Amino acid sequence: MLHPVIRPRRLRATPALRALTAETRLHPSQLVLPMFVREGASEPVAIESMPGVVQHSLESLRVAVAEAAEVGVGGVMLFGVPEHKDARGSGAVDPDGILNVATRVAVEAAGDSLIVQTDLCLDEFTDHGHCGVLDDRGRVDNDATLLVYREMALAQAAAGSQLIGLSGMMDGQTAAVREALDEAGYHDVPLLAYSAKYASAFYGPFREAVQSSLVGDRRSYQLEPGNRREGLREVELDIAEGADIVMVKPAMSYLDVLADTAAVSSVPVWAYQVSGEYAMIEAAAANGWIDRDRAILESVISIRRAGADVVLSYFAIELARSLRVGR
Ligand code: PBG
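Residues numbered from 1 in each chain as written. Predicted model: local features only at pLDDT ≥ 70, side-chain atom pairs only at ≥ 80, totals over all residues. Heavy atoms only, no water.

Draft legend 1. Structural context of the overall build of the protein chain. Looking only at helices and strands, the protein chain has eleven helices and ten strands in total. A compact globule built from 327 residues should have a C-alpha radius of gyration of about 20 Å, and the protein chain, at 20 Å, falls within 12% of that. By principal-axis analysis of the C-alpha atoms, the protein chain measures approximately 75 × 45 × 40 Å. Counting only contacts in the protein chain whose residues sit at least 6 apart along the sequence, the fraction spanning at least 24 positions is 75%. Total accessible area on the protein chain is roughly 14900 Å²; 52% of this is exposed by carbon and sulfur atoms. The positive charge centre, built from 30 side chains, and the negative charge centre, built from 45, are 11 Å apart in the protein chain. (Helix = DSSP H or I, 4+ residues; strand = E, 2+ residues; numbered from the N terminus. Rg over C-alpha atoms; globule rule 2.2 N^0.38 Å. Contact = heavy atoms within 4.5 Å. Areas by Shrake-Rupley, 256 points an atom, 1.4 Å probe, with all protein chains shown as cover. Lys, Arg positive; Asp, Glu negative; His and termini not counted. Charge placed at Lys NZ, Arg CZ, Asp CG, Glu CD.)

Next up, the structure:
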């Protein structure tokens, strides 16, 4: 046949037709900005491996949260960078610890316009850099860690966290934290479970961002990159334990896990475009090897297409702003 009857290109002919037939859309409210707050900082401190991202001072945090709210970003996710670390990660449960102080500041700056979330994990606070406390043989002690997570959750809820992100990959953490919060009357504080969190090289720049003291790796608690079924098992467990939202992390190398999760989940599904995914785009763009703006949008749209309702991204403010202007 010389002339095809079926012509999919018809719907691609003009920008208006393409917009009308777009299968995946992105709205600023579907973006969450992860932010770092450094104890004792009077000025924001640059993070070399994440150009454009900083460790905030409390003052610059306030300004940046207000800016995120202004452009319609749905939430911010806070990480603390403490001045002092110890074996138990005491700074995490201290009401005056940096993450808890930063939460109060962010909640005040955000008003009702966006959600202030906190990362619940010990790695930023421990001198050995692991996500939990260690037993006498130096192994991460799951159940002893749950006790600290319970305390940490109470400190975060007391500081005003509006969504607690469980990123430590300890067995039973969702149930343990839910129980601790409920017993203390925090029934309304929702839990975001980083359910399918893989032991990934793409967290590299994050380690600089939080000045991690980790030697070794997290493979005794985070998932093996090749395990797809196991990712789903973690998702199912977290939903059964009461997670309000589940997450897949990193995003771009795990889109199959994300699609699997979206197909079965009875709760919202989020994904985290992590530090290394950010750094790769920035580095390639800085070399003139890719079109930065298009790469940013394409990466986040792909994550949405695979099934994420919301994407955590260090590009959130910039992306939200450009979505409002329209491309
Ligand atoms: C753990 C945590 C990590 C990230 C988010 N929460 C680091 C890790 O598990 O090693 C990584 C985020 C990123 O790379 O952007 N607190």
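Draft legend 2. Representation of helix α5 (residues 173-183) in the model. For α5, the full list of buried residues reads Q173, T174, A176, V177, R178, A180 and L181. Elements that come into contact with the buried residues of α5 comprise β5 (115-120), α4 (142-159), β6 (163-166), β7 (191-197) and α7 (228-240). G185 lies just past α5 and shows a positive phi near 90°. (Buried < 20%, exposed > 50% of the residue type's maximum accessible area, 1.4 Å probe, protein only.)

Draft legend 3. Region of interest: a positive patch on the surface. Residues R7, R9, R10 and R12 make up a contiguous surface patch of positive charge. Here R12 lies in the segment before α1 (15-20). For R12, a relative accessible area of 52% puts it in the exposed group. (Patch = residues over 30% accessible without salt bridge, like charges linked within 9 Å, V, L, I, M, F, W, Y side chains within 5 Å. Salt bridge = Lys/Arg side-chain N within 4 Å of Asp/Glu carboxyl O.)

Draft legend 4. Spotlight on unusual backbone geometry. Across the junction of K249 and P250, the peptide omega takes the value -10°, indicating a cis bond. You will see that M169, though not glycine, has its phi angle at about 60°, which is positive. Position of M169 among the secondary structure elements: in the loop between β6 and α5.

Draft legend 5. Fine view of the site of the ligand. Taken together, 18 residues surround the ligand, and among them D123, K197, R207, K249 and Y314 come closest. Between the ligand and Y314 there is a distance of 2.6 Å, counted from an oxygen atom to a side-chain nitrogen or oxygen. Surface burial for the ligand is 100%, taken as the share of its 400 Å² of free accessible area covered by protein chains. For the shell around the ligand, a count of residues per class yields eight nonpolar, three polar and seven charged. (Near = heavy atom within 4 Å. Polar contact = N/O pair within 3.5 Å; in protein donor to acceptor, adjacent residues only side chain to side chain. Nonpolar A, V, L, I, M, F, W, Y, C, P; charged D, E, K, R; others polar.)

Draft legend 6. Quick look at the packing of aromatic side chains. Evaluated as defined, the whole model comprises nine aromatic pairs. One aromatic cluster is present, built from ring pairs that chain together F36, F79, Y194, F206, Y272, Y278, Y314 and F315. The ring of Y203 carries K197 above its face, with NZ or CZ at 5.6 Å from the centroid. In this arrangement the basic side chain of K249 is found over the ring face of Y203, its NZ or CZ atom lying 5.1 Å from the centre. (Phe/Tyr/Trp six-rings, centres within 6.5 Å; stacked < 30°, edge-to-face > 60°. Lys NZ or Arg CZ within 6 Å of the ring centre and 35° of its normal.)

Draft legend 7. Seen up close, the packing of helix α9 (residues 275-286) against helix α10 (residues 292-306). Put simply, α9 and α10 touch, their axes get as near as 9 Å, and they point 160° apart. The angle between the axes of α9 and α10 places the two elements in the roughly antiparallel class. In this structure, α9 meets α10 at a crossing whose hand is right-handed. On α10, the residues touching I281, E282 and A285 of α9 are R292, A295, I296 and S299. Grouping the constituent residues of the contact of α9 with α10 by class yields four nonpolar, one polar and two charged. (Axes fitted to C-alpha atoms, helices over the stretch in contact; angles between N-to-C directions. Parallel < 35°, antiparallel > 145°, perpendicular 65-115°, else oblique. Left-handed = near helix turned anticlockwise from the far one by under 90°.)

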